[in-house]
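# Working through the structure, step by step
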Amino acid sequence: MTTRLLSSPLDRRSLLRRAGLGVLAAGAAGAGLTGCASAVDERRAAGNAAASAPVRGGTLKLAARTDLVPGNFLTNSNDGVTTTVGLVYDTLVRRPNTGFEPQPRLATSWEISPDGRTVTLQLRDDVFFHGRGTERGRPFTSADVEFSIRTYADPKWTAQLRSTAAAVTSFDTSQPHRVVLGLAEPLSNILDLLDTVPILDSATIDALGRGEAFVGTGPFRFESWTPNTSIVYVRNEHFRDPERPYLDRVELSIGGDAQALLAGLRSNRFDVVGGLPFRDIATLDAAEGFHAITMEGAELQTYVGANVTAPGLSDVRVRQAVAYAIDRQRVVDEVLRGSGYPINLPWPKSSPAYDEARNATYTRNLDRARALVAEVGTVPPQPLTFPASHPVHEPVAQIVQADLAEIGITTTLQPVDSAQFVKQLIGAQFPRLWTTFHSWAQHTPSTLTVSAYPFNAQKNSSRFVSPDYQRAAATAWTLPATDTAGLGRAYTALSDELLEHLFLVEIGVVLNQLAASDRVQGVGWSKRAEIDLTDAYTAA
């Protein structure tokens, strides 16, 4: 049996799903809000109809909280990186935001052998790397696929799918527009790798590491970077689709607190903003001239992690108490403003590993939590670390702090800057508890447990080691993607391991959102929340 996808027009267009966010109705008259919502919907419908024809040219102004960190370029860990990857680079395939069937990008078709150990990709012959200024660079070939996957597998870059990249053991690049990948064993998530690895330029990889050059084949060229201030991108005149992108220029402003970003959006200094509190996005979504962009398919998860080697956390009963104590619904209602839902396991509802029964294992039960703490005895005070760069994490940490206080566990909140937090996450350096987002659960489930820093069965942020967990992760990873029944059993085993050991305590799925001016149309994104402006334009 083979897996194939023939050449077809690339479907890059993602729908902008507007969030209703009904939690705004709390404390207000239902009838009044219904009338207001109807008026907003009518106004938007009229505005969208007027702006339905794409407009070529212009500058789109983005704003985000965290800067580009060249050394973390393949970690998918901050705004500057994900924006640059999304605009400047391209991948071989692209999994759609609503579903798993890959779509062609730089590969026009692919075939997986019956034994799952060979992947043959046919490549586009009309793709060029960015050149100097408006010049066309060198052509993209199969050698660039080999270079990019080998670079992604290099431990220097601490890429999260590094183990999958390292499992590609051979490359046949004898033909410039065909590459054959040899795998050590079948990999259920091989297409996740091809969806994730940006095609890199071998001639400028050292300059990338120094932050001096970012050269890809994507719709925009990197023009300049002023650290902690801005990144500028310009239209790639030689993009594989001559009609795209519509925009001439994209400017990303970096830094500023949430209120400064909100003020910048309201004053038209910015067109699209990330990193706002969900309550502010909800308010904007109901206001004249603005809308929320819900990044469906790029779900995040908010969670509490535990260093299982630390005093007070090495006993699983304490971690179970934490799981019983957390008021997940309060986090969803008050912090996420309804843009998400409570979970016990990492999988979003779209995942083949989602299991509603197991997902309700730990509901809020303070009596049970207190009993577990009493069995253990006194639990020492626990520092609770979180990144200060995103407005979700502090209120989540405050709710967790209050919940744990109710069962006799004292926590001290410890905010840290984004770069330091990522360093602690990758290096398993958290002293006790932490809270943040994780990603990757929206991909093939095995990707999470062999790749993501918090979950990696071989080495994870919790310092958790278990032969049973390692075995379950390896089984889910090395089954062919066509073995649906076997994968189902493997995902159940993974979920059971996660629930039994609770080195991570899930809180809720987060449907991440951007806030945008109504004059911005066509904003897209990848499953990793890399912004895609190939089809974006600004209406007059």
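Residues numbered from 1 in each chain as written. Predicted model: local features only at pLDDT ≥ 70, side-chain atom pairs only at ≥ 80, totals over all residues. Heavy atoms only, no water.

### Some thoughts on unusual backbone geometry
Selection rule: Strands here mean DSSP runs of E at least two residues long; helices mean DSSP runs of H or I at least four residues long; both are numbered from the N terminus.
With an omega dihedral of -5°, the bond running from R244 to P245 counts as a cis peptide bond. By the secondary structure assignment, P245 is in the loop between β12 (230-235) and β13 (249-254). One non-glycine residue, W440, lies in the positive phi region at around 80°. By the element assignment, W440 lies in the loop between β20 (433-438) and α14 (445-451). Located in the positive-phi region is R463, a residue other than glycine, with phi close to 60°. Following the sequence through the fold, R463 ends up in the loop between α14 and α15 (467-478).

### Quick word on the layout of surface pockets
Convention followed: Residues are called lining when one of their atoms sits within 4 Å of a cavity or pocket point, these points coming from a 1 Å grid over the protein atoms alone, where a cavity is a set in which a 1.4 Å probe fits but cannot get out and a pocket is an open set with protein on both sides within 12 Å along at least five of seven lines. Grid points are joined across faces, edges and corners, and a volume is the space filled by probe spheres set on the points. Each residue gets one label: Ala, Val, Leu, Ile, Met, Phe, Trp, Tyr, Cys and Pro are nonpolar, Asp, Glu, Lys and Arg are charged, and the others, such as Gly, are polar.
Here the second largest pocket defines a volume of roughly 430 Å³. Lining the second largest pocket are 24 residues, with R162, V450, S451, N456 and K459 sitting closest to its centre. Contributions of two or more residues to the lining of the second largest pocket are made by α4 (162-166), α13 (418-427), α14 and α15. When residues of the lining of the second largest pocket are assigned to their parent elements, the largest contribution, four residues, is made by α15. Here the residues of the lining of the second largest pocket sort into 12 nonpolar, 10 polar and two charged.

### Some remarks on the sheet that holds strand β2 (residues 59-64)
What counts is decided by this rule: For two strands to count as paired, DSSP must find a minimum of two bridges between them. Contact criterion: two residues are considered in contact whenever any of their non-hydrogen atoms come within 4.5 Å of each other. Axes, fitted as lines to C-alpha atoms, cover a helix only where it is in contact. Angles between the N-to-C directions of the axes lie from 0 to 180 degrees.
Judged by pairing direction, the sheet is mixed, and its seven strands sit side by side in the order β11-β12-β13-β2-β14-β22-β15 without closing on themselves. Strand pairing shows two members of the sheet lacking a second neighbour, β11 (220-226) and β15 (290-294), which therefore form its edges. Summarising the sheet, β15 and strand β22 (residues 513-517) pair through five bridges and their orientation is antiparallel. Of the residues in β22, the one forming a bridge with H291 is A516. Along the sheet face, helix α2 (residues 79-88) touches β2, β11, β12 and β13 and points at about 5° away from the line of β12. In the packing of helix α8 (residues 278-285) onto the sheet, contacts are made with β15 and β22, and the angle to β15 comes to roughly 130°.

### Observations concerning the packing of helix α9 (residues 316-325) against helix α11 (residues 366-376)
Our working rule: Comment on the angle field: the value is read as roughly parallel under 35 degrees, roughly antiparallel over 145, roughly perpendicular from 65 to 115, and oblique elsewhere. When the near helix sits turned anticlockwise from the far one by under a right angle, the crossing is termed left-handed; a clockwise turn instead gives a right-handed crossing.
Packing of α9 against α11 leaves a shortest axis separation of 8 Å and a crossing angle of 160°. In terms of axis orientation, α9 runs roughly antiparallel to α11. Note that α9 runs across α11; the crossing there is left-handed. Residues R317, V318, Q320, A321, Y324 and A325 of α9 form the contact with α11, whose participating residues are L366, R368, A369, L372, V373, E375 and V376. For the contact of α9 with α11, a count of residues per class yields nine nonpolar, one polar and three charged.

These figures capture arrangement, not role.
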